[in-house]
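# Observations on chain architecture
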Amino acid sequence: MRNRPAHVVAAASIVSLVVVAVVLSPWISPYPPAEQDLAARLAAPGADHWLGTDHLGRDTLSRLLEGGAFSLTIAALATVLTGVVGTFIGVVSARRKGWLDEFLTRTNDVVLSLPEMVVALFLVALLGSGYPALLLALTLVGWTPFARLARALTYDISTRGFIEAARVTGCPPAFVVRRHILPHLAGPLLGQATLRFGQLLINVGALSYLGLGVQPPQSDWGSMLAAAQPFALRSPVTILAPGLAIFVVALCVTLIGQHVARRTGSPLVLNARAGKVRNA
């Protein structure tokens, strides 16, 4: 803790509390998230409902906890999938070189040049709303930062003596990648994944806000924002609660990611994150 800035410790503590609350939501939610009480619709925060109720009389706190489970899970799975796909493409591109490297690099450039949210919106609309379509769309448009970083780092690591020694002694290429290259990528890619999680959480919220995320009666923070918008003046907390949840978690995770990136990054890594490494 001594070497960690205070804001990083605070951010980590907030994220930990949110994750614990979301995981324990089935046991700590004061009401069933889908339970309606029309007599108490749009109730102000009070002893019975700490964050008030929505337009159908559902407890806002209970729905916030349930919605957090979906939002955080989708963002985390999307981060893992984009990281795996992007790392695989980046390592293959750097190791095989030649025409395959050129093709994958140009594909990366094309996908990276497209507006991420517009493409994701198009894909979700094409594939249909729901959990699987949302994950697939976010993966198809979100792998490029990982691929660029993995490619740049793999090029750098492949020039080192221990890689040549492994090749000369007859180690199979797959063994070299698994034993000597991937461990060196783990730290920088973890920093990249932490930074991307915040952006993906915002993207998930935006798509859900447009009705392309999880479907009723389930909810996430984005769909809560959309449902609360017509009643924002009568019950501001119903729209502030999910909005602040997205903002605070995304901000805290980004602060943690920046710290991880500084601790694990080299000039090559930082340039790759900034998009300055193209062809090694």
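### Some remarks on the confidence of the model for the protein
Any residue range with low pLDDT should be treated as having predicted coordinates unsuitable for detailed reading. Mean pLDDT over the protein works out to 84, with 93% of the residues at or above the 70 mark. Model confidence for the protein, summarised as mean pLDDT per element, is weakest for helix H12 (residues 267-273) at 43 and strongest for helix H1 (residues 6-23) at 92. Every residue in residues 266-280 scores below 50 in pLDDT, and together they form 34 contacts with partners more than four places removed in sequence or on other chains.

### Focus: the pattern of salt bridges
The final tally for this structure, using the stated rule, is seven salt bridges. When the shortest N-O distance is used, the salt bridge between Asp54 and Arg58 registers 2.8 Å. You can call Arg58 buried: its relative accessible area is 11%. One salt bridge connects Arg196 with Glu116, and the closest N-O pair in it is separated by 3.0 Å. Linking Arg196 in helix H9 (residues 173-209) with Glu116 in helix H5 (residues 116-127), this pair joins segments that are 80 residues apart in sequence.

### Describing a nonpolar patch on the surface
On the surface, a nonpolar cluster with roughly 590 Å² of combined accessible area is contributed by Val19, Val20, Val23, Leu24, Trp27 and Ile28. Listing elements by their share of the nonpolar patch, those giving two or more residues are H1 and helix H2 (25-28). Considering every element that reaches the nonpolar patch, the biggest residue donor is H1, with three residues.

### Quick look at empty space enclosed by the protein
Over the atoms, a rolled probe matching the size of one water molecule traces out where space is still vacant. Evaluated as defined, the whole model comprises two cavities of 30 Å³ or more. By volume, the second largest cavity is sized at about 80 Å³. Along the walls of the second largest cavity sit Asp54, His55, Arg58, Thr60, Arg63, Met224, Ala227, Ala228 and Thr238, which together make up its complete lining. Among the elements of the structure, helix H3 (60-96) and helix H10 (221-228) are those that each provide at least two residues to the lining of the second largest cavity. Looking at which element gives the most residues to the lining of the second largest cavity, the answer is H10, with three residues. Considered class by class, the residues forming the lining of the second largest cavity number three nonpolar, three polar and three charged.

### Remarks on H5
Compared with the 16 Å implied by 1.5 Å per residue over 12 residues, the 16 Å span of H5 between its first and last C-alpha is a close match. Gly128 sits one or two residues past H5 and shows a positive phi near 105°.

### Things to note about helix H7 (residues 144-158)
For H7, which comprises 15 residues, the first-to-last C-alpha distance of 21 Å matches the rise-based estimate of 21 Å (1.5 Å per residue) to within 8%. In terms of burial, H7 is largely enclosed, as 12 of its 15 residues are buried. Burial in H7 covers these residues: Thr144, Phe146, Ala147, Arg148, Leu149, Ala150, Arg151, Ala152, Leu153, Thr154, Tyr155 and Ile157.

### Examining the environment of Ser129
By secondary structure assignment, the location of Ser129 is in the loop between H5 and helix H6 (131-142). Residues Ser129 and Gly213 lie 84 residues apart in sequence; the distance between their C-alpha atoms is 5.8 Å. In this view, Ser129 contacts Val124, Gly211, Leu212, Gly213 and Gln215; residues no more than four positions away in its chain are not counted.

Conventions used here
The numbers attached to residues start from 1 for each chain and follow its sequence in the written order. It should be noted that, the model being predicted, local features are given only for residues of pLDDT at least 70 and side-chain atom pairs only at 80 or more, the latter also being counted only at that level, while totals for whole chains, interfaces and linings use all residues. In computing side-chain properties, one takes all heavy atoms of the structure into account and sets aside hydrogens as well as water. Summary of the metric used: pLDDT quantifies the predictor's per-residue confidence within the range 0 to 100. Helix and strand definitions here come from DSSP, where helices need a minimum of 4 consecutive H or I residues and strands a minimum of 2 consecutive E residues; each element is numbered from the N-terminal end. Contact criterion: two residues are considered in contact whenever any of their non-hydrogen atoms come within 4.5 Å of each other. A carboxyl oxygen of Asp or Glu within 4 Å of a side-chain nitrogen of Lys or Arg is what we treat as a salt bridge. Relative accessibility decides the category of a residue: with a 1.4 Å probe and only protein chains considered, values under 20% of the type maximum give buried, values over 50% give exposed, and everything between is partly exposed. Like charges are joined within 9 Å and nonpolar side chains (Val, Leu, Ile, Met, Phe, Trp, Tyr) within 5 Å, but only among residues with over 30% relative accessible area and no salt bridge; these make up the patches. Only the protein chains shown count as cover for residues, and all accessible areas are computed by the Shrake-Rupley method using a 1.4 Å probe. Residues are said to line a cavity or pocket when one of their atoms sits within 4 Å of a point; the points come from a 1 Å grid over protein atoms alone, cavities being sets where a 1.4 Å probe fits but cannot get out and pockets being open sets with protein on both sides within 12 Å along at least five of seven lines. Grid points are joined across faces, edges and corners, and a volume is the space filled by probe spheres set on the points. Residues are sorted three ways: Asp, Glu, Lys and Arg are charged, Ala, Val, Leu, Ile, Met, Phe, Trp, Tyr, Cys and Pro are nonpolar, and all the rest, Gly among them, are polar. Under the convention used throughout, the expected extent of a helix is 1.5 Å for every residue step, that is, one less than its residue count.

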